[in-house]
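# Reading the structure
Residues per chain, in single letters:
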Amino acid sequence: MAVLLCDNKTENLYYNNYINLTVDNENDYTNMGLRFTNVSWENYRIDGFANMDMYYVKNIKHACFIEFLKKLIDLNNYLLLFGVDEFYLSYSEFYKKIHFIHDTYIYGYDENSFYLMAYTNENLKKIRICCHEIRDAIYGYLQKNNNASFCTFRPVRNKYVTVDTGKICRELNDYINKRGSDIYAKTDIYGIATYTLLQKYIGYVSINSEVKIDLRIFRTFWEHKKVMCERIQYLSKVYSISLDVCENIKSIEKQSRLIFSLATKYYLSGRKEILERILLLMRKVQDGEMELIVELLNELNRQ
């Protein structure tokens, strides 16, 4: 997401997308995933917004890795890291606590540091981090996935994107009506229907104590509400969005962040009562989100 916001030609792609959700491996709770639809970097390449090249970490010598990344940046590339182990990243809440795999991207460097856009203290920020931390985080992920990779991303010059409220409204309608599409999806579960599967997943984790809860699912769940909050704040600068909608999405985002924090606590403690609290909060978020989106659509359609 963050790379789009760093370029004024593409920043509106962020607000026009990241609206609908789908699941991967819906029948295998040990490998289930939650993700946004049609926002892979391949989507942006196909749509003509960027040029890309992929690299496998195992093919790059450890001793040369930092300089290799710097040379790619010198060629006007952003670097999209599909997987880093946040155990090794000092800005992360998981630093030296949990081996949490997430994505991030690099947009620049100096002699000893890389510049990232990443979440810290619940906000997406520009961060300066020691080069060796990024190297260790990528190779930490390589230990778990021998096909660990990253890619370069070069936005196409002179291609500007405007906010498309028509597209936003269509995507929101799909979300609340459980519709969607995705080039990689092998499911018909979309939008608000993902809540049911998430609740079943929590039940599965509760019954099967040996299964480690997948924090990535709850991180994506929170990020979805966070992007919605930022989208509404952005739209409210141009369109007449009621104060109730603006305040309600802040509350929903806050509750979703709490769900992610509770999932982390369960990961560390295994206390079953935490899962019950997550379920209660998730049902509350579901009801609130449905009501909010209906009202937002009504307000946008009246413009």
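In this report, we go over the structure that sits alongside the text. Everything quoted here is computed from the prediction, not taken from an experiment.

Parameters at a glance
- Throughout, residues of each chain are indexed from 1 in the direction in which the sequence is written.
- Note on the predicted model: pLDDT of at least 70 is required for a residue's local features to be given, and 80 or more for side-chain atom pairs to be given and counted; whole-chain, interface and lining totals, by contrast, use all residues.
- Computation of side-chain values: all heavy atoms of the structure, hydrogens and water removed.
- Pairing of aromatic rings covers Phe, Tyr and the six-membered ring of Trp, with a centre-to-centre limit of 6.5 Å; geometry is then stacked below 30 degrees between planes, edge-to-face above 60, and tilted otherwise.
- Secondary structure elements are defined from DSSP: runs of H or I of at least 4 residues count as helices, runs of E of at least 2 residues count as strands, and each element is numbered from the N terminus.
- Whether a residue is buried, partly exposed or exposed follows from its accessible area with a 1.4 Å probe, protein chains only, as a fraction of its type maximum: under 20%, in between, or over 50%, in that order.
- Axis angles are defined between N-to-C directions and span 0 to 180 degrees, where every axis is a line fitted to C-alpha atoms and, for a helix, only to the segment in contact.
- Should the near helix be turned anticlockwise from the far one by less than a right angle, the crossing is termed left-handed; should it be turned clockwise, right-handed.
- Contacts are assigned to residue pairs that have any heavy atoms within 4.5 Å of one another.

As a further point, take the packing of aromatic side chains. By the definition in use, this model includes 20 aromatic pairs. Summarising the aromatic geometry, the rings of Phe65 and Phe150 are spaced 6.0 Å apart at their centres and angled 85° between planes, so their arrangement reads as edge-to-face. Taken together, the residues span a long stretch of sequence, with Phe65 in helix H4 (residues 65-74) and Phe150 in strand S8 (residues 149-155) at a distance of 85 residues. The pair formed by Phe65 and Phe150 is uniform in burial state, with each residue classed as buried. When the centroid spacing of 5.2 Å and the interplanar angle of 80° are considered together, the rings of Phe87 and Tyr88 count as edge-to-face. Note on Phe87: relative accessible area 21%, which makes it partly exposed. In textbook terms, an aromatic cluster arises when at least three aromatic residues are bridged by ring pairs, as seen for Tyr14, Tyr15, Tyr18, Phe36 and Tyr234.

Below, the discussion takes up the packing of helix H6 (residues 165-176) against helix H8 (residues 215-235). The geometry of H6 relative to H8 is characterised by a closest axis approach of 14 Å and an angle of 145° between their N-to-C directions. Every pair of crossing elements has a handedness; the one defined by H6 and H8 is left-handed. For the pair formed by H6 and H8, the contact residues are Thr165, Ile168, Leu172 and Tyr175 on the first element and His224, Lys225, Met228, Arg231 and Leu235 on the second.

Our next topic: the environment of Ala185. Relative to the elements of secondary structure, Ala185 occurs in the loop between H6 and helix H7 (194-207). When the C-alpha positions of Ala185 and Arg35 are compared, they lie 10.0 Å apart, and in sequence the two are 150 residues distant. Non-local contacts of Ala185, meaning those with residues more than four positions away in its chain, are made with Thr22, Arg35 and Tyr190.

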